[in-house]
Amino acid sequence: FSRTLGWGAQAPRVLLGKRLSNLKDMLTEWLHASIVPFDIWEVEISCTASGSIQQVKNSVKTPLRNEDGEILRHLMKPICNYFSVGVESRVGLGFDKHRTKSQLLNKAVYVVEGTKKITFTHTPRISHLLNCATTTTDSGKDHIIFTTDPTEETCCLTGSPVSIVMLNIPSIMGGCDVWSKAKRVGVECGINSHGRSSPDPGILGKLQVMSVNITLRCH
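What counts and how
- Residues numbered from 1 in each chain as written.
- Predicted model: local features only at pLDDT ≥ 70, side-chain atom pairs only at ≥ 80, totals over all residues.
- Heavy atoms only, no water.
- Buried < 20%, exposed > 50% of the residue type's maximum accessible area, 1.4 Å probe, protein only.
- Helix = DSSP H or I, 4+ residues; strand = E, 2+ residues; numbered from the N terminus.
- Pairing = 2+ DSSP bridges.
- Phe/Tyr/Trp six-rings, centres within 6.5 Å; stacked < 30°, edge-to-face > 60°.

### Points about the pairing of strand β5 (residues 82–86)
Turning to step 1, where the next piece is worked out: Burial analysis of β5 places four of its five residues in the buried class, the great majority of the element.
Turning to step 2, where the next piece is worked out: In this structure, β5 lies alongside strand β9 (residues 163–167), joined through five bridges in antiparallel fashion. When the bridges of β9 are listed, F83 appears paired with M166.

### A few points about the packing of aromatic side chains
Turning to step 1, where the next piece is worked out: In total, this model carries one aromatic pair according to the counting rule given.
Turning to step 2, where the next piece is worked out: Note on F95 and Y110: the rings are 4.2 Å apart at their centroids and 5° apart in plane angle, and the pair reads as stacked. Here F95 is found in helix α2 (residues 87–97), whereas its partner Y110 is found in helix α3 (residues 103–120), with 15 residues between them in sequence.

### A look at unusual backbone geometry
Turning to step 1, where the next piece is worked out: Its identity is not glycine, yet R19 carries a phi of approximately 55°, on the positive side.
Turning to step 2, where the next piece is worked out: Mapping R19 onto the fold places it in the segment before α1 (21–31).
Turning to step 3, where the next piece is worked out: Assessed through its relative accessible area of 75%, R19 is described here as exposed.
Turning to step 4, where the next piece is worked out: In the Ramachandran plot, L20 falls in the positive-phi region, its phi being about 60° despite a non-glycine side chain.
Turning to step 5, where the next piece is worked out: Checked against the element boundaries, L20 lands in the segment before α1.
Turning to step 6, where the next piece is worked out: Judged by relative accessible area, which is 39%, L20 ranks as partly exposed.

Right under this line is the structure:
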């Protein structure tokens, strides 16, 4: 909320002002602001029989379960800010286990958890975690955004990434703007990832404005 309003990491020191003057000015600005569309994504995750979706409860990592106590291996959730799979998700899970009420201490927790996950823990590649990502078109058909299998005749993820981050806002992990640091497209489209065909601009456009339904199928 603070970053969305352009305040940065925290609200202004004088939020209300004398006789609520600051608050009134902000309300006036908000009421006269231009209305722009804001996408709400729906992410659907399906895991194999050996997989699970983890959460933190009472500082303990535990798998999500349904009403019958069975481990959930399929989940659909709406998101408005960001969604990710990979090393930063593992860092975030460790962070939630040690979250504090202090912004400064929380940054220190991020440093500790990041160091642990990068230095002392094996980080699997995305190709070992995901099979593919698809989006559902208006006609109800699934369209593959990318696959991690270079033998498939579709768009393939390039390199050996350790994270997949899907952003709806230019901020993640305390204000990091990933988009501003992006320099190249990480997907190649053609016969396979080893081909020489250039990416399809139409597909890349869909990557930049991902539609509502995204499916990640875990190995």
